[in-house]
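What follows is the residue order along each chain.
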Amino acid sequence: VARQRTVEGPFGEYTGYSGPQRVSWLFEAKALNFRSDGIIIDIFPCKTEHLNAHLPIEASLLRTIKEAVPNATDTRWVDSGGPLTIIIQMKKKVEGEPMRAANAAFSASNFIKIAIVVDEDIDLDNPKDVMWAVSTRVQPESDVQIMKNLQGHVLDPSLRSEIRGSGMIIDATKPVDRPFPVKGCVPQDVLSKIFLKDYLAT
């Protein structure tokens, strides 16, 4: 309906909360398509289906980040935080690259509130691995940056003003300008032999 607005919501949102009611444009649907054999992926319409819908956004973010820092290799939303928190993986060559990569992500999307940058030896799908990097490779006074007066996302329930918020960058990468301890792990060739031995035994 041309030039008319009405109150909509509240609707379940990717944050895991119900979003606020708001005034939005009114439209009149002319047709509706649906699958008779559709698969329901979530009974509670406030999380999973939204996060899946954000996958194309994550892919476009990786492209933007790689344009700024070509040795960025991958990204992940944090499932528990949705697109408010992103993890960026990179093959760091010089100091400063993690900050440049994180800033590229912030410039590309107002979804992002927290960006964590990690090395290639961190499993992005393992929250324990990511937090291990944060715990052992971060000194807060130098590796955590707070960005003020950023455009936030209207669905972020922690915002104290209508849209203005802040951001945080955590550089959880190993330094390349000084010695750093070697990660303690079983060598890959040894693991391969163990897995092969177990496989042959079955």
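Look above for the structure.
Structural notes, computed from the coordinates. Just so you know, these numbers come straight off a predicted model, no measurement behind them. (Residues numbered from 1 in each chain as written. Predicted model: local features only at pLDDT ≥ 70, side-chain atom pairs only at ≥ 80, totals over all residues. Heavy atoms only, no water.)

### Comments concerning helix α4 (residues 127-137)
Put simply, the test is: Between buried and exposed lies partly exposed: a residue is buried under 20% and exposed over 50% of the maximum accessible area for its type, with that area taken using a 1.4 Å probe on protein chains only. Every helix listed is a DSSP run of H or I at least four residues long, and every strand listed is a run of E at least two residues long, numbered separately from the N terminus. Taking the helix axis as origin, the arc is that swept by the directions to the C-beta atoms. Here a polar contact is recorded for every N or O atom pair within 3.5 Å, except that within protein the pair must consist of a potential hydrogen donor and a potential acceptor, and residues adjacent in sequence are included only if both atoms are side-chain atoms.
The set of residues buried in α4 consists of Asp 129, Val 130, Ala 133, Val 134 and Arg 137. Seen from one end, α4 has its buried residues packed into an arc of 145°, which puts them on one side. Residues of α4 that are exposed and point more than 90 degrees away from the buried face comprise Pro 127, Lys 128 and Ser 135. The distance from a side-chain oxygen at the start of α4 to the backbone nitrogen of Lys 128 is 3.0 Å, and the residue carrying that oxygen is Asn 126.

### What about the pattern of salt bridges?
Where we set the bar: Any carboxyl oxygen of Asp or Glu that lies within 4 Å of a side-chain nitrogen of Lys or Arg is treated as forming a salt bridge with it.
Inspection of the entire model under this criterion finds eight salt bridges. Notably, a salt bridge pairs Lys 113 with Asp 156, separated by 3.2 Å at the nearest N-O pair. A residue pair is termed long-range when its members are at least 10 positions apart, and Lys 113 in the loop between α3 (97-108) and β5 (114-119) and Asp 156 in the loop between β6 (144-151) and β7 (164-171) qualify at 43 residues. By relative accessible area, which is 25% here, Lys 113 ends up partly exposed. Residues Asp 121 and Lys 174 are paired through a salt bridge, measuring 4.0 Å at the closest nitrogen-oxygen approach. Of this pair, Asp 121 sits in the loop between β5 and α4 while Lys 174 is found in the loop between β7 and α6 (188-201), placing the two residues 53 residues apart along the sequence. Overall, Lys 174 belongs to the partly exposed group, its relative accessible area being 28%. Beyond isolated ion pairs, a larger network of salt bridges with shared partners links Asp 119, Asp 121, Arg 137 and Lys 174.

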